[in-house]
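Analysis of the macromolecular model
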Number of protein chains: 2
Amino acid sequence: MRKPRVVVLGAGYGGLITVTRLQKLIGVSEAEITLVNKNNYHYETTWLHEASAGTLHHDRARYPIREVINTSRIHFMKDTVVAIDKQAKVVTLEKGQVEYDYLVISLGSHPETFGIKGLKEYAFGITSIDSARQLREHIEYQFATYNMEKDKKVERLAIIVGGAGFTGIEFLGELGNRIPKLCKEYDIDFQKVRMICVEAAPTALPGFDPGLVNYAVKYLQKKGVEFRIGTAIKECIKDGIIVSKDNRMETIKAGTVVWAAGVRGNSVVEEAGFENIRGRVKVDDYLRAPGHEDVFVIGDCSLIINEETNRPYPPTAQIAMQQGEVCAKNLQAAISGSKKMISFTPVMKGSVASLGDHDAVGFVFGKKFVGSKASFMKKMIDNRALYMIGGPSLVMKKGKFNFL
Amino acid sequence: MRKPRVVVLGAGYGGLITVTRLQKLIGVSEAEITLVNKNNYHYETTWLHEASAGTLHHDRARYPIREVINTSRIHFMKDTVVAIDKQAKVVTLEKGQVEYDYLVISLGSHPETFGIKGLKEYAFGITSIDSARQLREHIEYQFATYNMEKDKKVERLAIIVGGAGFTGIEFLGELGNRIPKLCKEYDIDFQKVRMICVEAAPTALPGFDPGLVNYAVKYLQKKGVEFRIGTAIKECIKDGIIVSKDNRMETIKAGTVVWAAGVRGNSVVEEAGFENIRGRVKVDDYLRAPGHEDVFVIGDCSLIINEETNRPYPPTAQIAMQQGEVCAKNLQAAISGSKKMISFTPVMKGSVASLGDHDAVGFVFGKKFVGSKASFMKKMIDNRALYMIGGPSLVMKKGKFNFL
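Residues numbered from 1 in each chain as written. Chains lettered and ligands numbered in written order. Predicted model: local features only at pLDDT ≥ 70, side-chain atom pairs only at ≥ 80, totals over all residues. Heavy atoms only, no water.

UniProt records the feature "domain: FAD/NAD(P)-binding" (unreviewed entry) at residues 5-324 of chain A, using the numbering of this structure. A helix fraction of 27% and a strand fraction of 31% characterise residues 5-324 of chain A, whose end C-alpha atoms lie 18 Å from each other. (UniProt positions renumbered as here; feature names shortened; annotations may be inferred. Helix = DSSP H or I, 4+ residues; strand = E, 2+ residues; numbered from the N terminus.)

Quick look at the structure:
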């Protein structure tokens with residue numbers, strides 16, 4: 001009898017937890033396991049705001065996939081997923097194809113631009129190692145160019161961040177540390193630089209406790225960030241954005257525009273014809289796509305409703321990792337036939353938003369924290385993600401220990 | 001009786017040697033000395049190829065002027081020279097003006113573009129700390145962008161250097177060290193990168209011994225540099241250059257074009273109405289502008305004919321510093337009235353072109369050198385320039401000691 005083939009698409013938090021658990025749960029004679037990822041490395045999506053600002057080198061935010069998987073058990077393919085044929089059970093890749101009996105879709109998210117004109121062309125994103133390096137270098141180039149021009153354009157030094165959610169706020173926190181250093185490096189007066197956060201919602205960090213939000217906003221304002229809350233970006237142009245507040249339009253000029261205001265699921269999911277809401281599949285209790293018992297969807301491509309609030313859980317690394325654990329067990333159950341699948345319930349342990357090197361705001365197990373305590377906990381959360389996938393040696397290599 | 005006012009324009013090699021000598025030669029009661037420079041720092045023009053390539057931080061190639069002058073003797077003005085009125089004996093600055101009895105023009109050079117279309121708009125230069133930082137960041141941004149584009153443009157990674165003279169060759173030497181590191185940093189295959197040197201003259205490093213030229217070219221070719229010798233740049237365009245060889249035109253695409261093919265004197269000299277050849281004043285034996293006994297011209301703005309070859313000496317730091325020594329003595333003679341001026345004769349001690357970190361070619365006191373010996377001598381020459389202006393403490397701070 002042929003061994004069932006398990007194919008895992010994507011080596012993000014969800015995908016890597018799945019395969020590192022599978023390689024222990026499933027014997028070599030029970031199944032073939034393949035992991036497909038477009039890079040030969042995993043990156044810490046939740047650390048990209050640091051690499052983008054230039055406060056942490058991007059190599060600190062990634063590690064080779066082969067270092068954390070058992071390559072004698074997992075067949076790793078460095079390739080990009082192009083399409084999924086769920087009838088034929090075949091995944092088309094850029095350089096070939098791969099057949100599956102069980103599929104795990106853990107492809108992560110794409111930016112959601114809500115159809116705002118010009119964002120795709122002119123705004124930078126905080127979405128990958130590639131994008132982080134580009135954004136970092138773009139900002140540096142703007143600063144390096146300022147003194148070269150006879151007709152100095154102060155707007156070249158302005159940085160607009162679209163979105164005051166988690167990523168936007170954390171990126172601004174890093175900029176607060178980084179910009180004074182860039183000013184020194186390029187002989188620029190800090191007073192000339194603007195950091196502007198534009199958010200359409202009526203508050204920064206929606207979903208956070210108002211006291212924590214207030215702390216974060218005040219802290220960032222002290223570091224020079226201007227907030228435009230309740231202000232919608234109508235269009236992104238070559239040298240800035242057009243915003244609207246109370247039906248009045250205004251152009252804000254800036255050398256750098258960063259879009260950090262939300263994500264959607266992967267377009268491959270939509271194109272494959274799974275029932276989805278903006279690229280996210282509302283999975284069943286066992287994390288399977290409705291009507292497809294052989295397809296598991298986890299991480300940012302999955303959608304789970306929080307029954308207390310009747311709204312979807314936000315796409316987080318925390319949930320993706322929890323899903324990976326359950327997904328591996330349910331695959332074991334499906335393959336063995338003798339075990340029962342377990343249903344998935346997210347456990348919201350907490351959420352901490354960093355405000356730069358030594359400050360943060362958040363709640364953990366229901367308790368609120370700010371300042372260096374919160375910052376410590378944020379670093380522990382970051383280290384835990386490394387530990388879960390790569391054990392103590394990965395924590396030693398890539399972990400964060402710069403506590404105050 | 002009013003003390004005579006000595007005004008020195010520019011704190012390059014010539015200007016700084018002049019004032020550091022003057023502050024010792026001339027008593028506080030004998031003259032007022034003013035130094036005008038557009039930055040509050042001096043930079044090592046001959047090290048800019050390293051800062052531009054990113055192999056040496058630009059702060060290593062500059063130091064504060066106040067660190068090397070006696071500020072109780074020299075009045076330093078951070079300002080930019082706009083015009084010289086030699087009849088009224090007034091120098092107009094951006095923020096004011098300054099009157100002189102004796103003037104030293106040591107304003108350095110401007111790039112010579114020979115009227116080639118598009119160079120000013122699209123080519124980068126290796127002319128100042130500002131330009132070096134911008135060029136370094138531009139190249140990094142090209143590399144950072146490559147992997148971000150779906151339709152990857154390999155020409156983005158190409159770097160064209162116009163000119164195989166001293167600066168062009170030394171910059172290519174640094175790129176030879178730097179590009180492999182950038183490839184690693186940005187996950188780029190080194191084979192995709194092109195470094196192309198275009199030179200209109202029939203040889204690289206004109207004026208150098210053919211054996212040394214051959215060594216340099218072979219060495220750089222091994223590091224991946226392509227040479228297009230005897231090839232003239234006809235036009236610089238947004239994404240490359242148009243060249244002509246044997247009357248055939250060709251477009252070479254590149255994300256970066258660097259113009260390093262020659263300099264001319266400062267335009268202020270031309271506009272002031274001094275007799276000049278491309279911004280350079282053919283000075284008398286005592287380094288004075290013909291017909292202007294109160295105006296000394298040294299460094300790249302001066303022109304001295306080598307009587308052996310009947311051609312001008314090239315504009316070098318070596319000659320500028322020798323001129324500074326003589327200029328200070330002749331100012332002392334003019335002010336005291338009791339001393340005789342001395343005539344200036346350049347002493348060509350040698351010339352070494354670096355080929356990156358640990359190789360070089362050159363001749364010193366008539367003897368040819370290549371390899372690590374030449375590289376050692378190059379570093380000694382660099383350290384000597386620091387020593388001449390700032391003494392041993394400046395050598396300790398900024399010197400080069402990374403010998404093999």
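Once you've had a look at it, read on.
On a regular strand, each side chain points to the face opposite its neighbour's, so the side chains alternate between the two faces of the sheet. All names here are of chain B. Pairing analysis gives six bridges linking strand β16 (residues 240-245) to strand β17 (residues 248-253), with the strands arranged antiparallel. Counted as the bridge partner of serine 244 is methionine 249 from β17. Here β16 hands over to β17 after two residues, with aspartate 246 in that stretch at a positive phi of 50 degrees. (Pairing = 2+ DSSP bridges.)

Here the focus is the environment of leucine 182 of chain A. Residues and elements named next belong to chain A. Position of leucine 182 among the secondary structure elements: in helix α5 (residues 166-185). Distance from leucine 182 to phenylalanine 143, taken between C-alpha atoms, is 7.3 Å for residues 39 residues apart in sequence. Other than its neighbours up to four places away in sequence, leucine 182 contacts Ile139, Glu140 and Phe143. (Contact = heavy atoms within 4.5 Å.)

The subject of this paragraph is the relation of the copies chain B and chain A. Rotating chain B by 180 degrees and moving it 0.1 Å along the rotation axis overlays it on chain A with an RMSD of 0.0 Å. On the angle and the small slide along the axis, the relation comes out as a two-fold axis. Most of the interface of chain B is mirrored in chain A: 96% of its interface residues are interface residues there too. (Least-squares fit on C-alpha atoms with pLDDT ≥ 70 in both.)

Quick look at the packing of helix α4 (residues 129-146) of chain A against α5 of chain A now. Residue and element names in this part refer to chain A. Interhelical geometry of α4 versus α5 gives an angle of 35 degrees and a closest axis separation of 12 Å. Where α4 crosses over α5, the handedness of that crossing is right-handed. Side by side, α4 and α5 meet where Leu135, Ile139, Glu140 and Phe143 of the first sit next to Phe171, Leu175, Arg178, Ile179, Leu182 and Cys183 of the second. Here the contact of α4 with α5 is composed, by residue class, of eight nonpolar, no polar and two charged. (Axes fitted to C-alpha atoms, helices over the stretch in contact; angles between N-to-C directions. Left-handed = near helix turned anticlockwise from the far one by under 90°. Nonpolar A, V, L, I, M, F, W, Y, C, P; charged D, E, K, R; others polar.)

This part covers the sheet that holds strand β5 (residues 74-78) of chain B. Residue and element names in this part refer to chain B. Read from one edge to the other, the open sheet built from six strands follows the order β5-β2-β1-β9-β22-β21, with strand pairing classed as mixed. Only two strands of the sheet have a single neighbouring strand rather than two, namely β5 and β21 (288-289). Sheet topology note: the β21/strand β22 (residues 292-297) ladder contains two bridges and is antiparallel. Counted as the bridge partner of alanine 289 is histidine 292 from β22. Sheet contacts for helix α1 (residues 13-25): β1 (5-9), β2 (32-37), β5 and β9 (102-105); angle to β2, the most-contacted strand, approximately 160 degrees. Its contacts with the sheet put helix α8 (residues 317-336) on β1, β9 and β22, and the angle it makes with β9 is roughly 170 degrees.

A few words now on the interface of chain B and chain A. Taken together, the contact pairs 23 residues of chain B with 22 residues of chain A. Joining chain B to chain A, the criterion identifies six salt bridges. Residues aspartate 187 of chain B and arginine 62 of chain A are paired through a salt bridge, measuring 2.6 Å at the closest nitrogen-oxygen approach. Summed over the shared surface of chain B and chain A, the result is 18 residue pairs in polar contact (both at pLDDT 80 or more). When residues of the side of chain B that touches chain A are traced back to their parent elements, those giving at least two are α4 (129-146) and α5 (166-185) of chain B. Grouping the constituent residues of the side of chain B that touches chain A by class yields six nonpolar, eight polar and nine charged. (Salt bridge = Lys/Arg side-chain N within 4 Å of Asp/Glu carboxyl O. Polar contact = N/O pair within 3.5 Å; in protein donor to acceptor, adjacent residues only side chain to side chain.)

Below, the discussion takes up the domain arrangement of chain A. All names here are of chain A. Domain annotation of chain A identifies domain 1 (5-38 + 79-111 + 263-348) and domain 2 (124-261 + 350-404). The centre of domain 1, based on its C-alpha atoms, is set 31 Å off from the matching centre of domain 2. Residue-level contacts link 10 residues of domain 1 with five residues of domain 2. Interface area for domain 1 against domain 2, summed over the two sides, is near 730 Å², with a carbon-plus-sulfur share of 66%. Counting the surface domain 1 buries against domain 2, the share from its top three residues, Pro111, Met321 and Met348, is 40%. Counting across the domain 1 and domain 2 interface gives zero salt bridges. Viewed at the interface, domain 2 and domain 1 are joined by three residue pairs in polar contact (both at pLDDT 80 or more). (Domains from an automatic or database assignment. Buried area = accessible area lost by both parts, 1.4 Å probe.)

Moving on to the side chain of threonine 34 of chain A. Residues and elements named next belong to chain A. In this fold, threonine 34 is placed in strand β2 (residues 32-37). On the basis of relative accessible area, threonine 34 is assigned to the buried category, the value being 9%. Beyond its immediate sequence surroundings of up to four residues, threonine 34 is in contact with Val6, Val7, Val8, His75, Met77 and Val98. (Buried < 20%, exposed > 50% of the residue type's maximum accessible area, 1.4 Å probe, protein only.)

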